[in-house]
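Each chain, letter by letter, is given below.
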Amino acid sequence: MTTTITWTAVCRLGDLLPERGAAALVGGVQVAVFRLHDDQVRAVGNRDPLWGANVMSRGIVGTRGGRAVVVSPMHKQAYDLDTGACLDDPAAALPVYAARVRDGVVEVVAG
Amino acid sequence: MRLVVIGNGMVGQRFVESLAARDTARRFTEVTVLGEETRRAYDRVRLSAFFDGVSAEELTLAPPGVPAGTTIRLGEPATAVDREARVVRTAAGEYPYDALVLATGSRAFVPPVPGTGSPGVFVYRTLDDLEALRAHAAGRSAGIVVGGGLLGLEAANALRLLGLRTAIVEFAPHLMPMQVDAAGGAILRRRIEELGIDVHTGAGVTGIAPDGDRLAVGAGELTLGADLVVFAAGVRPRDELARAAGLPVAERGGILVDASCRTADERVFAIGECAAVDGRCYGLVAPGYAMADVVADRLLGGDATFGGADMSTKLKLLGVDVASFGATTGPLDVVYADPAHGLYAKLVLTDDARTLLGGILVGDAAAYGVLKAAVGGPVPGKLADFLSAGAPDVALPGDAQVCSCNAVTKDQVLGAIGAGCADVGCLKACTRAGTTCGSCVPLLRSLLTEAGVAQSTALCEHFAYSRQELFDLIRVRGIATFSALIGEYGTGRGCDVCKPVVASILASLGGGHVLDGEQAALQDTNDHFLANIQRDGTYSVVPRIPGGEITPERLIVIGEVARDFGLYTKITGGQRIDLFGARVEQLPAIWRRLVDAGFESGHAYGKALRTVKSCVGSTWCRYGVQDSVGLAVALELRYRGLRSPHKLKSAVSGCARECAEARSKDFGVIATETGWNLYVGGNGGFRPRHADLFATDLSTEELVRTIDRFLMFYIRTADRLQRTAAWLEALDGGLEHLRAVIVDDSLGICAELDAAMDRHVGGYADEWRAVLEDPDKLRRFVSFVNEPQTPDPSIAFTVEREQRVPVPLGMPEVSA
Ligand SMILES: Cc1cc2nc3c(=O)[nH]c(=O)nc-3n(C[C@H](O)[C@H](O)[C@H](O)COP(=O)(O)OP(=O)(O)OC[C@H]3O[C@@H](n4cnc5c(N)ncnc54)[C@H](O)[C@@H]3O)c2cc1C
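Cut-offs and rules
Residues numbered from 1 in each chain as written. Chains lettered and ligands numbered in written order. Predicted model: local features only at pLDDT ≥ 70, side-chain atom pairs only at ≥ 80, totals over all residues. Heavy atoms only, no water. Helix = DSSP H or I, 4+ residues; strand = E, 2+ residues; numbered from the N terminus. Buried < 20%, exposed > 50% of the residue type's maximum accessible area, 1.4 Å probe, protein only. Contact = heavy atoms within 4.5 Å. Salt bridge = Lys/Arg side-chain N within 4 Å of Asp/Glu carboxyl O. Pairing = 2+ DSSP bridges. Axes fitted to C-alpha atoms, helices over the stretch in contact; angles between N-to-C directions. Disulfide = S-S within 2.5 Å. Buried area = accessible area lost by both parts, 1.4 Å probe.

Draft legend 1. Local environment of the environment of Ile590 of chain B. Residues and elements named next belong to chain B. Topologically, Ile590 is positioned in helix H18 (residues 587–596). For Ile590, a relative accessible area of 0% translates into the label buried. Along the sequence, Ile590 and Ala562 sit 28 residues apart, while their C-alpha atoms lie 8.9 Å from each other. Ignoring sequence-local partners within four residues, the contact set of Ile590 consists of Val541, Val561, Phe565, Leu567 and Ala582.

Structure representation (structure tokens):
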């Protein structure tokens, strides 16, 4: 069985502020897309797994112990943007989606 | 066994607690405490704090409830002790005893001169005295304090706080004659006069005569006019019950007891200020506490004795540092006097200069803790360092007493730190150190630091600086961006702790719109979307209604906006209207409607001024004496948008009835007949605190300047998320220091603070309107970057009590 990977364009890199995110709807899935300080992008699930609201894209982006993280605006848990692991609660995690920038366009695989 | 305790003052209370803690076998099944005052024991040492806005309840020493078997009868003074029948009599009944403890304290001494019974003549001993004094002082302008000792200076400062022009009359040739010599007294006098208090020394009071509505006070050669007179010229032990019961008293008064605090009657003990241990009375609380513990031990068969006491004192009148400890004259006095800087220090040493016996510090008492603890041993460091002001770094011996009120040693404090105490609050709770007069708190703090457990002031893993240090770096170096700051002074890329802090500092320093450039990435989500995020990810919008005043037309607009956008509507505690359930992409449209109707949205979120509440004031209210609404509107408009370490709340009441609850606010204003009283450092919430009275009868202009400086000083120096209450409590020197800085400009920064506030006020712009006018910012308010027209499908509402409320969110499964 072969799987086709589909990259979906969600916005231009310039639509995102450095170290800030935005929500995108990709194949019915709510994705939080972030632009890091070096113009790399990351994509994770937009839903806060502990509180249920779709708000992860509105969190503060930064680092913790050298790992790139986003902090939930609900109750401040930090999530690793590369692995989705919650650094404050081992039981919680975000789904991680592949993301890249191609010709100034942010693309995500999800859904 | 039955025990009767006469007196529920500081020492009587300590005794009851001490006994209850030791009497585990319940030997005393029936304990009766008779108290003349109508309140339970309170902290008399901090009595003056009552005029700083600390309430009578806050001064209470007694924990709620009483130990089992104990009855406390307040307002029921003992009238006689019948030693033969072994009963104590009161107007209401008789109380038999097997053991009796007298803890009747002292009374204020009033010299036998004519006219001391006139209305307007007071003493300074009980809360009732202070209440009467305050009531009488209302609307009057001048007061005289008789007595220039510790107590007199405290009373004089209190009159000053009540807004009276104050004079001190002292019989001796200089102030604080018991502690300070002539040279020290002269320097002290200057300091006191700088506070605006007149000092007349070498002047005994000869009499008081009513003079119309006022009093004419004869003082030496002078006749002084005043509205009231306070006698603070010493105390006399209350030994009258003991005398009448035939118990021996000391030559100069005081119930004679031996080192076990027992009187000539083996069933009767005396403790505290009423007791003369081996003929000597002690007018301080620490020796009284020691006596209480001795008697508790003795009554249970122990053999404790009272071994004399540390008579160190420190004037609790910050801004004027005076302290004396140990002997005040001795074989060898080493004196340093610097009248130009108002400094005086004297150390008393043994002949060979090897042993410290005591000393006096005027002008700067920073070395008090260290020196006091060193009495009886060598001077802990170079003599010159102590004499020329300041507290050099030296280690205290372990058995040195850190808190003399509660006899707590350095070792006990270190023990508590070892057991896990990591802050002053915990040390207070675990050791009692610092709970009485509070003068050892700075020492406790430095012991914590020395022990290495003081919480690191580093903001987070990215910055080794405290908020205050970052503020100064940014201000002094003129740093304009987070990148520049973290590049030069930090590590990593920042986080949810340091980014909002830096955003707030930049905003306080006038950094333009909160969403400009790089600043946008620093803001907490509420500041980023200029609204309050709710549990379902929608926002609430709270239009600003300055002072809570609103026209019917505008009220209707709010109703229409709420109706048109289907927003749940609720009146807030801050006299505004909160509109809930706005999706992020709806926010600009809602603001547009509000802006068009002349509103701005409000900072109901974030670390900034929230609201200035008001009562209706003199315009309508029969009791109002000033226009509280007008002032509240002006204050809210002045300080709106001001970013601070934590939220700021305020209120203005139009009269002393205080309907606006101003004393629960960070800064609260209460109208007086002639102006405004300003209170600072209050809050409700998790740990409620009443604001402290900071200044009285200010004109509107003075009031506004004082608040400007208070806020700016707070913004510059507070820790992250430290409300003004906690900030003030942690501020070295407390309220007096704050006064020195923002009223007397002791740090020379008032002009800067004023300029900073003027910049804020001049630079304020409606942040919501600015978003509407900037397409770049507006673009961020969408549900999805790739489908801006599709609302978040997970947001759903149901109806409750006729309004839309969120459907509880199902918890999605957690992907492991
Ligand atoms: C303004 C002020 C500032 C002070 N500052 C300091 C300071 O900085 N440091 C310090 O160490 N000390 C200070 N003191 C002194 C300190 O308050 C006293 O040493 C302490 O209160 C003594 O406690 P006590 O229980 O012996 O007396 P009190 O606290 O006076 O208690 C005695 C109680 O017994 C009651 N009583 C008397 N007769 C009867 C009776 N017949 N029946 C029933 N009840 C009776 C009295 O009404 C009173 O309530 C200060 C005092 C004042 C007034």
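Draft legend 2. Region of interest: the pattern of salt bridges. Residues and elements named next belong to chain B. According to the stated counting rule, one finds 58 salt bridges over all chains in the structure shown. Two residues, Glu17 and Arg432, come together in a salt bridge whose shortest N-O distance is 2.7 Å. Placement of the pair is Glu17 in helix H1 (residues 10–22) and Arg432 in the loop between helix H11 (424–431) and helix H12 (441–450), with a sequence separation of 415 residues. On the basis of relative accessible area, Glu17 is assigned to the partly exposed category, the value being 24%. Accessibility expressed as a relative area gives 33% for Arg432, which makes it partly exposed. With its nearest N and O atoms 3.0 Å apart, the salt bridge here joins Arg125 to Glu273. Taken as a pair, Arg125 in the loop between strand S9 (121–123) and helix H3 (127–137) and Glu273 in the loop between strand S19 (268–270) and strand S20 (275–277) lie far apart in primary sequence, 148 residues in all.

Draft legend 3. A look at the pairing of strand S23 (residues 322–326) of chain B. All names here are of chain B. Most of S23 sits out of view: four of its five residues are buried. Bridging between strand S22 (residues 313–314) and S23 involves two bridges; their strand directions are antiparallel. Across the sheet, Thr313 pairs through a bridge with Ser324, a residue of S23. In terms of strand pairing, S23 meets strand S26 (residues 356–362) through five bridges, oriented antiparallel. Across the sheet, the residue bridging to Gly326 is Gly358, located in S26.

Draft legend 4. Structural context of the sheet that holds strand S35 (residues 667–671) of chain B. Residue and element names in this part refer to chain B. With mixed pairing, five strands are arranged side by side in an open sheet as S33-S34-S35-S36-S37. A strand with exactly one partner marks an edge of an open sheet, and here the two such strands are strand S33 (609–614) and strand S37 (692–698). For this sheet the average axis-to-axis angle between neighbouring strands, irrespective of direction, equals 15°. Pairing of strand S36 (residues 676–680) with S37 involves four bridges; the strand directions are antiparallel. Paired with Trp676 across the strands is Leu698, a residue of S37. Helix H22 (residues 734–742) contacts S36 and S37 of the sheet and is inclined by roughly 40° relative to S37.

Draft legend 5. How the structure looks around the sheet that holds strand S6 (residues 94–96) of chain B. Residue and element names in this part refer to chain B. The three strands are arranged S4-S5-S6 in an open sheet whose pairing can be described as antiparallel. Each end of this open sheet is capped by a strand with a single partner; those strands are strand S4 (78–82) and S6. Strand-to-strand twist in this sheet, taken as the mean axis angle between neighbours without regard to direction, amounts to 20°. Judged from the three bridges that link them, strand S5 (residues 87–90) and S6 form a sheet pairing that is antiparallel. In the strand pairing of S6, Val87 is matched with Pro96.

Draft legend 6. How the structure looks around the state of the cysteines. All names here are of chain B. Within the structure shown, the criterion is met by one disulfide over all chains. Residue Cys421 pairs covalently with Cys426 via a disulfide, S to S 2.4 Å. Taking the torsion about the S-S bond as the criterion, the Cys421 to Cys426 disulfide, at about -70°, is left-handed.

Draft legend 7. Representation of the interface of chain A and chain B within the structure. Facing the 39 residues of chain A at the interface are 41 residues of chain B. Where chain A abuts chain B, roughly 3100 Å² becomes buried across the two surfaces, and 54% of that area is made up of carbon and sulfur atoms. Of all residues in chain A, Leu25, Arg58 and Ile60 of chain A bury the most surface against chain B, accounting for 21% of the area lost on that side. Between the two partners, chain A and chain B, sit four salt bridges. Here Arg493 of chain B makes a salt bridge to Glu19 of chain A, at a shortest N to O gap of 2.8 Å. Mapped onto the side of chain A that touches chain B, the elements with two or more residues apiece are strand S1 (8–12), strand S2 (20–26) and strand S5 (60–64) of chain A. Element by element, the count of residues in the side of chain A that touches chain B is highest for S2 of chain A, at six residues.

Without other data, these values stay purely geometric and don't point to any function.
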